[in-house]
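Here is how the chains run, residue by residue.
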Amino acid sequence: MIDLRSDTVTKPTPGMKEAMFSATVGDDVFGEDPAINALQHRVAGMFGQEAGIFCPSGTMTNQVAIRVHTQPGDEVICADVAHVYLYEGGGIARNSMASVRLLKGDRGRLSAQEVKSAIQPDDSHLPRTSLVCLEDTVNKGGGCYYNIDDIRSIRQLCDENRLRLHLDGARLFNGLVESGYDFKEYGSLFHSISICFSKGLGCPVGSVLVGDVDFIKESHRVRKGFGGGMRQAGYLAQACDFSLDNHVNRLKEDHKRAKKLGEIMSQHPDVKSVTPVDTNIVIFELREGLDSGMYVKLMEDADIYAVPFGPAKIRLVTHLDFTDEHLQAFETAMLNMKSNAIRRI
Ligand SMILES: *Cc1c(COP(=O)(O)O)cnc(C)c1O
């Protein structure tokens, strides 16, 4: 099976499992889990922030952050393709009772100018703009990443307008190993960052939200209310710690393989176009007349698994468990796909 549906499909490596079993744990709701405390401290430090809080999922870290940064009736600015808006179960409305202002961006990357035009004037008829959420890398933008200068401009705008700036950094490591930006310099530009360990870093569970001490203190209250207070979860945190030592620099390999997948698909007769491949995500559009749902089924017959990403688009994601052998097998299978596709569809 060649599983390119998501970078969440990875299983813990033997080394990671060993690390997990060696964790020293305690009750984290009492703040007494050494492995969790160490991870929170480490991740906050890496990104130039004061403190961190461990949560079960990236959805929870994003939703906790949005809840802490907003009041009911406020407005959140984000891209129309943002995970926080599209893929978190309507969480912004459900958890924070906030409205959302959607911007187009460039492949989901916002500019300061665009954000500026979306800030509501101070008028009681209008929702109060209080938060800007960026995503880096942008999932629906095909894994593209921000230029740090654009983020600096957005932060400056936020400061001028008393807005908070949150980053959905589910795939932040993918962006940073490509851009080469200094983690601290980049991370300090945000009021809060959500970092996922169950994507490219290959952990079974886990996300850390970082920010200043007051923000994290309030996040503890919100996390508890969301049911996210865990007890001896240090076994999970230890996996995350292991991944920081072992799985960050290797992300470049995923990116290389993704680029190769992009090249294979851009030469494929069934494909109209491929979004530029910047990190580990490949989005391709099928030529007219081909349906992504049917095409994905066809790929499954060849033991290749992908997800439809719109009526004619398909997404492939490379990860820790996708090897050069898989890449070779993918190429061979896709070369044989064309005639089948025409016959079947
Ligand atoms: C996966 C993902 C998340 C978090 O999702 P969980 O499944 O809750 O961990 C957040 N943002 C983006 C862009 C993602 O891809």
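Before reading further, recall that the structure is shown in the block above.
### Describing the sheet that holds strand 3 (residues 74–79)
Part 1: Spatial ordering of the open sheet is given by 2-8-7-6-5-3-4, a layout of seven strands whose pairing is mixed. In the strand order of this sheet, the two ends are held by strand 2 (51–55) and strand 4 (99–103), each with one partner. With strand direction ignored, the average angle separating the axes of adjacent strands in the sheet is 20 degrees.
Part 2: As paired elements, strand 6 (residues 164–169) and strand 7 (residues 192–196) share four bridges and run parallel to each other. Bridge pairing links His166 to Ser192 in strand 7.
Part 3: Set on the sheet, helix 10 (residues 213–225) makes contact with strand 2, strand 7 and strand 8 (207–211); between it and strand 2 the angle comes to about 20 degrees.

### Notes on the sheet that holds strand 10 (residues 281–286)
Part 1: With antiparallel pairing, four strands are arranged side by side in an open sheet as 9-10-13-12. The open sheet has two edge strands with one neighbour each: strand 9 (271–274) and strand 12 (307–308).
Part 2: Here strand 10 runs beside strand 13 (residues 313–317); their pairing, made up of five bridges, is antiparallel. Across the sheet, Val282 pairs through a bridge with Leu316, a residue of strand 13.
Part 3: Along the sheet face, helix 13 (residues 292–301) touches strand 10, strand 12 and strand 13 and points at about 40 degrees away from the line of strand 13.

Procedures and definitions
- Residues numbered from 1 in each chain as written.
- Predicted model: local features only at pLDDT ≥ 70, side-chain atom pairs only at ≥ 80, totals over all residues.
- Heavy atoms only, no water.
- Pairing = 2+ DSSP bridges.
- Helix = DSSP H or I, 4+ residues; strand = E, 2+ residues; numbered from the N terminus.
- Axes fitted to C-alpha atoms, helices over the stretch in contact; angles between N-to-C directions.
- Contact = heavy atoms within 4.5 Å.

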